[in-house]
Amino acid sequence: MIAFFPKIYHDELLYSQLARYHVRSGYASYTFTAEDLFAKERLRVPNVEFVNHYTSDCRSWLTKFESWEDVVGKHTMAP
């Protein structure tokens, strides 16, 4: 369960927000962060430019301030 999540900056990529989450979470290993964020087990390297499959908990944090369409449209390379 994710207890906190950093708010995304106006011109920040989603990947960067996830990296800030990892740093601030205090996890010693990326494996623990990946378990929190990604729905696919064994995702070793997330797609930096586009969208990955996230857990429902992570997705609810990502869409707390913006709709999913806005997150994808403004904070990924998808558009």
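Look up: the structure comes first, before these words.
Every chain is numbered independently, its residues counted from 1 as its sequence is written. Local features are withheld for residues below a pLDDT of 70 in this predicted model, meaning they are given only at 70 or higher, and side-chain atom pairs are given and counted only at 80 or more; totals for whole chains, interfaces and linings count all residues. Hydrogen atoms and water are omitted, and side-chain values are computed over all heavy atoms in the structure.

Visitor: Before we go on, may I ask you to explain the overall build of the protein in this structure?
Guide: Scanning the protein for helices and strands turns up four helices and zero strands. Strands are runs of DSSP state E lasting at least two residues, helices are runs of H or I lasting at least four, and both sets are numbered from the N terminus onward. Its helices and strands taken in sequence order, the protein reads α-α-α-α from the N to the C terminus. Dimensions of the protein, computed from C-alpha atoms along their principal axes, come out at roughly 30 × 20 × 20 Å. Burial statistics for the protein: of 79 residues in total, 33% are counted as buried. Note on contacts: a residue pair qualifies if any of its non-hydrogen atoms lie within 4.5 Å across the two residues. Of all intrachain contacts in the protein linking residues separated by at least 6 positions in sequence, the fraction that spans at least 24 positions is 37%. The accessible surface values rely on the Shrake-Rupley method and a 1.4 Å probe; as for residues, cover is taken only from the protein chains in view. Carbon and sulfur atoms form 55% of the exposed surface of the protein, whose accessible area is close to 5400 Å². Positive and negative side-chain charges in the protein, numbering 9 and 10 respectively, have mean positions lying 2 Å apart. Burial classification: accessible surface area is computed with a 1.4 Å probe over protein chains only, and a residue below 20% of its type maximum counts as buried, one above 50% as exposed, and the rest as partly exposed. His residues and chain termini do not enter the charge count, which takes Lys and Arg as positive and Asp and Glu as negative. Taken as the charge centre is NZ of Lys, CZ of Arg, CG of Asp or CD of Glu, depending on the residue.

Visitor: What am I meant to see in the layout of surface pockets here?
Guide: A water-sized probe, rolled over the atoms, reveals where empty space remains. A pocket, in this scheme, is an open set of points on a 1 Å grid over the protein atoms alone with protein on both sides within 12 Å along at least 5 of 7 lines, while a cavity is a set where a 1.4 Å probe fits but cannot get out; residues line either one if an atom lies within 4 Å of a point. Grid points are joined across faces, edges and corners, and a volume is the space filled by probe spheres set on the points. Looking at the largest pocket, its volume works out to about 160 Å³. Lining of the largest pocket is provided by Phe 5, Pro 6, Lys 7, Ile 8, Leu 14, Gln 17, Trp 61, Leu 62, Lys 64, Phe 65, Glu 66 and Val 71. Of all elements in the fold, only helix H1 (14-25) and helix H3 (56-62) reach the threshold of two or more residues within the lining of the largest pocket. When the residues that make up the lining of the largest pocket are grouped by side-chain class, the tally is eight nonpolar, one polar and three charged. Residue type decides the class: Asp, Glu, Lys and Arg count as charged, Ala, Val, Leu, Ile, Met, Phe, Trp, Tyr, Cys and Pro as nonpolar, and the leftover types, Gly among them, as polar.

Visitor: Sorry, what's going on with a nonpolar patch on the surface here?
Guide: Like charges within 9 Å and nonpolar side chains (Val, Leu, Ile, Met, Phe, Trp, Tyr) within 5 Å are joined into patches, using only residues over 30% in relative accessible area that form no salt bridge. Salt bridges, as used here, are contacts in which a Lys or Arg side-chain nitrogen is within 4 Å of a carboxyl oxygen on Asp or Glu. The grouping of Leu 13, Tyr 15, Val 48, Phe 50 and Met 77 at the surface amounts to a nonpolar patch, some 420 Å² of accessible area in total. For Met 77, the location among the structural elements is in the segment after helix H4 (68-75).

Visitor: How do you make sense of the nonpolar core when you look at a structure like this?
Guide: Note on soluble globular proteins: their nonpolar side chains tend to be buried together. Ranked by internal contacts, the top residues of the largest apolar core, which has 14 residues, are Phe 5, Leu 18, Leu 37, Tyr 54, Cys 58 and Leu 62. Where this core is concerned, the elements lending two or more residues are H1, helix H2 (30-37), H3 and H4. The contacts of Leu 18, once residues within four sequence positions are left out, are Phe 5, Leu 37, Phe 38, Tyr 54 and Leu 62. Among buried residues, the Ala, Val, Leu, Ile, Met, Phe, Trp, Tyr and Cys ones that are joined through side-chain atoms within 4.5 Å form a nonpolar core.

Visitor: Please explain the packing of aromatic side chains as it appears in this structure.
Guide: The description of an aromatic ring pair uses the distance of the two centres, along with the angle that the planes make with each other. The aromatic pairing rule takes the rings of Phe, Tyr and Trp, using the six-membered ring of Trp, and pairs them if the centres are within 6.5 Å, calling planes under 30 degrees apart stacked, those over 60 edge-to-face and the rest tilted. Enumeration according to the criterion identifies six aromatic pairs in this entry. A centroid spacing of 6.1 Å and a plane angle of 75° characterise the contact between Tyr 54 and Trp 68, whose relative ring orientation is edge-to-face. On the criterion of sequence distance, the pair formed by Tyr 54 in the loop between H2 and H3 and Trp 68 in helix H4 is long-range, its members being 14 residues apart. An identical accessibility class is assigned to Tyr 54 and Trp 68; each is buried. Taken together, the aromatic side chains of Phe 4, Phe 5, Tyr 21 and Trp 61 make up a single cluster linked through ring pairs. A ring is considered to have a charge above it if a Lys NZ or an Arg CZ atom is located within 6 Å of its centre and within 35 degrees of its normal. One Lys or Arg, Lys 7, reaches over the ring of Phe 65 and ends 4.7 Å from the middle of that ring. When the ring centre of Trp 68 is taken as reference, the NZ or CZ atom of Arg 59 above it lies at 4.1 Å.

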